[in-house]
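# Secondary and tertiary structure notes
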Amino acid sequence: RIIMGIESSCDETGVGLVAAHDDGTVELLADEVASSVEQHARFGGVVPEIASRAHLEAMVPTTRRAFDAAGLSMSDVDAVAVTAGPGLAGALLVGVSAAKAYAAALDVPLYGVNHLAGHIAVDALQHGPLPTPCLALLVSGGHTQLLRVDDIAGAITEIGSTVDDAAGEAYDKVARLLDLPYPGGPPIDKAARDGDPHAIAFPRGMTGPRDAPFDFSFSGLKTAVARWVESAQGRGEQVPVADVAASFQEAVADVLTAKAVRAATEAGIGTLVVSGGVAANSRLSALARERCAEAGIELRIPRPRLCTDNGAMIAALGAHVAAAGHKPSSLDLSANPGLPVDTVLV
Ligand code: ATP
Ligand code: MG
Ligand code: FE
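Residues numbered from 1 in each chain as written. Chains lettered and ligands numbered in written order. Predicted model: local features only at pLDDT ≥ 70, side-chain atom pairs only at ≥ 80, totals over all residues.

### Overview of the UniProt feature "binding site: substrate" (unreviewed entry) in the protein
Definition in use: UniProt positions are given in the numbering used here, feature names are shortened, and annotations may be inferred rather than shown by experiment. Secondary structure elements are defined from DSSP: runs of H or I of at least 4 residues count as helices, runs of E of at least 2 residues count as strands, and each element is numbered from the N terminus. By the criterion used throughout, residues are in contact when their C-beta atoms, derived from the backbone, lie within 7 Å.
The sites that UniProt annotates as "binding site: substrate" (unreviewed entry) are Leu138, Val139, Ser140, Gly141, Gly142, Asp172, Gly185, Asp189 and Asn281. Checked against the element boundaries, Gly141 lands in the loop between strand S6 (134–139) and strand S7 (144–151). Excluding residues within four positions of it along the chain, Gly141 makes contact with Ala166, Gly168, Glu169, Asp172 and Gly277. Topologically, Asn281 is positioned in the loop between strand S9 (271–275) and helix H10 (282–295).

### Some remarks on unusual backbone geometry
The residue after Gly85, namely Pro86, is reached through a cis peptide bond having omega -10°. Its place among the elements puts Pro86 in the loop between strand S4 (79–85) and helix H3 (89–106). The omega torsion across Tyr182 and Pro183 is -10°, close enough to zero to call that bond cis. Its location among the elements puts Pro183 in the loop between helix H6 (167–177) and helix H7 (185–192). The phi dihedral of Met206 is positive, around 60°, even though this residue is not glycine. Mapped onto the elements of the fold, Met206 is located in the loop between H7 and helix H8 (219–234).

### Regarding the environment of Thr162
We count it as follows: With C-beta atoms placed from the backbone, a residue is buried if 20 or more other C-beta atoms are within 10 Å of its own, exposed if 12 or fewer are, and partly exposed between those counts.
Within the element layout of this structure, Thr162 appears in the loop between strand S8 (155–161) and H6. Since 21 C-beta atoms lie within 10 Å of it, Thr162 is described here as buried. For Thr162, the residues in contact, after removing those within four places along its chain, are Thr144, Phe216, Ser217 and Phe218.

### Here we look at the confidence of the model for the protein
Note the threshold: Per residue, pLDDT measures the predictor's confidence, with a range of 0 to 100.
Here the protein shows a mean pLDDT of 97. Residues at 70 or above account for 100%. For this predicted complex, the interface score ipTM comes out at 0.97, while the overall pTM is 0.95.

This is the structure:
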């Protein structure tokens, strides 16, 4: 069975094609992404109107490229899956409308699915079927969550989340303070390579004895970096960008991995999946590898291309939902910008 996946929740227009095999495995056939990230760069963050407009322009060409890449025609599609939420309302609407049109025209089932569950399901394309239960650390520009997955097609529970900024958002804000370009993750990761991660002791948010054990906070960290940079500048010193980047990155990776490993250990869960754009971070993956090995936890991190927003992750999730025999979505499905993480299928 061939599943088409459409993603348009933020600034990436993604169309993916996946084959769902009888043995429960999913195979990546095509993964085409058009990003409007450059159009947002000068604003330092995603501008919703620009994103919607870009999705509208990119949807048909991206779809065409996906079918060309897979050597398939549209009549080969057995089901269409689309991100129904969470995300930007206008952006989601473009993908949902396209998916409805394709599903109706091809007379195949439509599955409106959860973007966050897609970030986890995508791992099956690279590492094979997800063992359940597993724990997922989802770290992206808009989300930072610890999720318990008992069934990727239906049973996902939030164990903790950020109480303020997402991890990726913190990267983007700190990059701005350091005069590094948007999005901030890649340039900070690169700058940190030449820095000392222990040069500055930045705070680890939400790690006090009375704090929720699996929640996160990154806004205090961002403020601490801002203060540190300002005071260095106030003294007329040149800001040691590499040291600041490395020390900030260490604080983020330390808290994320410590809490994820502790949550898995306490729940007796043997597998941790780390996904979302920030999973591409070199220090986060190195530290996760180290700490998971110590704790005897299997670590799965999809390759960076699969970690950031794409259509293949939605196709992979659609394949699991369809295989589980769930009832397809109605053709009057609407996008839900605030779709909760425990609603996998709309
Ligand atoms: P969401 O999935 O929450 O709706 P999104 O589209 O912004 O939001 P992604 O595309 O998954 O999320 O990830 C983008 C984020 O990942 C950006 O904040 C970016 O700075 C961050 N990022 C990318 N590469 C790295 C890296 N190497 N290190 C740290 N952060 C990174
Ligand atoms: Mg993005
Ligand atoms: Fe995402």
